[in-house]
Amino acid sequence: MPARRHRPLFTLALAATALLAACSSDHDSSSPSPVASAKPNILFIVLDDLGVDQLTSYGYGGAVPPRTPTLNAIAKAGIQFRHAWSMPTCTPTRATLFSGRYPSQTNVLNAVVSTDLANSSPNPFETTLPQLLKTQGYTNALIGKMHLTGTDLNNGFNLPYGYDTMWKLGWDYFEGFLDGAPYNIDTRAGLTSKGTDVDSGPYKCGFIPTTRIDAANGADAGACYMADGGCSQLSIGGDVVTPGRSCMERGGILDPGQSCQATVPSYIDFTAQNGYYTGRWVKSTANGNGYVVPASDPSSRGYRSIQETDRAIAWAAQQPADQPWMLTVGYSGIHTPLQLPPVSLIAEDTPGRNDNLVCSPLADSEDTPVLTPVTDLIDNHLITNLMIEALDKKIGDLLVGLELASYKDDGTLDYHPEKTNTLVVVIGDNGTYVNSVKFTTPGRFDPMRSKASPYQTGVWVPLLAAGPMVASPGREVPHMVGSVDLYRLFADIAEADVEATVPAHRPLDAQPMLAYLTNAEQPAIRSTNFTEMGTSLRTASAADNEHPCVIPAANNVCTTLFPEKGVCLAQGGIWYGDNLSSETSGMPATGYNNCCQAQAYRLTRGETTTFLPTATKAVTDGTYKLVRETRNQCEPAMGTADPGAYRYSTTGYDILDALYQIDTATPDPRLDRDGSQLTAAAPPPLETSSLNGAQQQAYASLSSEMDRHDAVARYNLEYDSINCPGDGNRDGVVDQKDMDNWLELSRLNGGQSSWYDFNHDGKTDQADRQIIQNNMGQTCRSS
């Protein structure tokens, strides 16, 4: 452990704050007070797919904003960062939080799926944030969704440490999900008699509606079976408005119109997941010992936001009073699939609380409501608002359960962080997803350039901080910060010596930001902000057998990110891989293998297609923003018009720069919309003669910064093959440690993908060992 050189000034400020809180005349003796000598605890809350467009505290929220009294209270009691950026998708953002490096340094380039190599997930041999905090005596827990790693799907291809993976990354306790999102809604509502798989039933909300909503398939009463074999009769009356929904909220499955039987009927399926109401929980402890709790287990059933909150409170309650901790809670909300939350989490006067019309089936008669793209969008916004309100309520319950706040008699939150010893930080992992984006005033954000894009709607996220070290609470910080900077913030809060712990040849991208908390007059620390997304590393065979998915709501963008049909459908997509969708008649039975083929097929039907870039980056100085995108070119095989003969070009890519002017104003910010470029998008360098002097200077500066990031990306993409083959632990030298690590990983999980798979063939085998042997003793240059 490095020796502590000095006590940071914020610790002295914390002690002074504690003394003032203890001596103040309005001090509530029932509220906890910080101990001046104790290191602060850290509560880190990560929200999924929730951008600033949703929040009234930022001056946005659209014409009908969601209710967020808890997030508003945290912002009022602490500080709100006006200009915070994430990465465009979840895994890269989450990796920046715990590595302190941009994706181009770690090759964590996109949301990890089961066909990606482990090389595109965080490397446990580098210093992660929980490993760093351990040097200062912290214990670390992660509850809920984090999506830092591969999954046990595809035979655990990219999960070499299996259920011990989060432990290997440094967490003393993990209780959450390896999956990137809740599973698809079970449209059979748990009844195998209603369909062959979860996508084939009539119940799009995951429960059986009443006969008023669905005369053909609804039910006003039935037997509610629980996973432990229990059963109770439910019918409309009292608190039960919809028996099917009430049963689902309790963790059960409704057998419509039936009475409870001595044994659970065979058509009741507790093994299938149902969106937010089930979870396949993975647990590991301070010694590893990872294991999985299936969705059929009674403890795995229940609304995720409730489960995530309760499990976080339970862990914290077990920690000794003198033990500093960092508790990360990764809430699943509001990632797709959008699903109605429990009625109990919604205020009685919130629009749509008991209105199950959003669960109406598709029109098949004059008596059935007709769903159109417009009404479907309205439903998505309604459900999004309800999910955010439910999430906000559970964040309030989390603060109360941790004894950081209390509820007043009127139900509002009473939160005084200066009387606690806990820093609370809340961030969104990326912008809001397409159909949930608030596109009306106040805000007028851009659904066509939302999550999975480098544009403002895709990367501009809420960031709140509250705690005893925050000076002048209730203010807003106007300066730029990035998700990567939180690594440095938490390290500084814990008084960890970053320079002594992190190797000099692997510099952090994280910039200091603690001063923004402790000094209300702190000037800007960053001169630029940066975001990026790329294509995860895959084997050559996987890259040649991708599955196209087109998202109509996102300007018909085609992506091969999703390895399975169900994931594509959950994003509102049309599937062009195997196991075809109904929209793809006339295609080969095996589907198509790339977006070029899907585009060619769609052209025969008069349908347009855009491509998700293979790599996309953006850099801003706060006023001007440069976006650089790399896109595949397509080419057909000679002499054929068959869409299946199309493929990605092997000779080049389209690389385009576009310069925008942006701001963070209210009520409607200036965004980087399509067509708002200051000059036409073109290959770099841009022709700037049409720009004024300030714009030309900004482009020159931002372009230079972008070129630097491009060089870092090239260096790290070639690290295993050219720049430092054999250095799997990224310590800058190929040595016996690498040989020992290779030996361990070659024996795990059948020697599949790992960080020691240097030739990227999906195997950690003798070929990789030979690479280490050939380069033994090599010292590697930095990027």
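Before reading on, note that the structure itself is shown above.
Note that the structure is a prediction, hence the values are computed from the model and not measured. (Residues numbered from 1 in each chain as written. Predicted model: local features only at pLDDT ≥ 70, side-chain atom pairs only at ≥ 80, totals over all residues. Heavy atoms only, no water.)

**Student:** Could you clarify how one ought to interpret the packing of aromatic side chains in this entry?
**Tutor:** For the coordinates displayed, the defined rule picks out 20 aromatic pairs. Aromatic side chains Tyr 102 and Phe 530 sit 4.9 Å apart centroid to centroid with 70 degrees between the ring planes, which places their arrangement in the edge-to-face category. Note that Tyr 102 is positioned in the loop between α3 (90-99) and α4 (103-106) and Phe 530 in strand β16 (residues 529-533), a separation of 428 residues in sequence. By relative accessible area, Phe 530 is classed as buried at 2%. Ring geometry for Tyr 455 against Tyr 660: centres 6.0 Å apart, planes inclined by 85 degrees, an arrangement best described as edge-to-face. Taken together, the residues Tyr 455 in the loop between β13 (422-428) and α10 (456-459) and Tyr 660 in strand β23 (residues 647-661) connect sequence positions 205 residues apart. Since its relative accessible area comes to 7%, Tyr 455 is described here as buried. Judged by its relative accessible area of 1%, Tyr 660 falls in the buried class. One aromatic cluster is present, built from ring pairs that chain together Phe 125, Tyr 161, Trp 755, Tyr 756 and Phe 758. (Phe/Tyr/Trp six-rings, centres within 6.5 Å; stacked < 30°, edge-to-face > 60°. Helix = DSSP H or I, 4+ residues; strand = E, 2+ residues; numbered from the N terminus. Buried < 20%, exposed > 50% of the residue type's maximum accessible area, 1.4 Å probe, protein only.)

**Student:** What am I meant to see in unusual backbone geometry here?
**Tutor:** Trans peptide bonds make up most of the peptide bonds, and negative phi angles are found at most residues other than glycine. Here the bond from Gly 333 into Ile 334 is cis, since omega is 15 degrees, no more than 30 degrees from zero. For the bond running from Thr 666 to Pro 667, omega is 5 degrees, close enough to zero to count as cis. With respect to the secondary-structure elements, Pro 667 resides in the loop between β23 and α17 (693-717). Positive phi, normally seen in glycine, also occurs at Asn 107, with a value near 65 degrees.

**Student:** It is not clear to me how the sheet that holds strand β19 (residues 574-575) should be interpreted in this structure. Could you clarify?
**Tutor:** Sheets are built from strands that pair by backbone hydrogen bonding, the pairs being arranged parallel or antiparallel. If you trace the four strands from one edge of the open sheet to the other, you get β19-β17-β18-β20, paired in mixed fashion. A single partner strand is all that each edge strand has here, and the edge strands are β19 and β20 (610-611). Sheet topology note: the strand β17 (residues 549-551)/strand β18 (residues 557-559) ladder contains three bridges and is antiparallel. Directly across from Cys 549, in β18, lies its bridge partner Thr 559. (Pairing = 2+ DSSP bridges.)

**Student:** Can you walk me through the environment of Thr 620 in this structure?
**Tutor:** Checked against the element boundaries, Thr 620 lands in strand β21 (residues 615-620). For Thr 620, a relative accessible area of 0% puts it in the buried group. The sequence separation of Thr 620 and Ile 74 amounts to 546 residues, and the corresponding C-alpha distance is 28 Å. Ignoring anything within four residues of it in the chain, the contact list for Thr 620 reads His 83, Trp 85, Met 480, Ser 527, Thr 528, Asn 529, Lys 625, Ile 662 and Leu 702. In terms of polar contacts, Thr 620 uses its side chain to reach the backbone amide nitrogen of Gly 622, at 2.9 Å. (Contact = heavy atoms within 4.5 Å. Polar contact = N/O pair within 3.5 Å; in protein donor to acceptor, adjacent residues only side chain to side chain.)

Read these as geometric descriptors, not functional statements.
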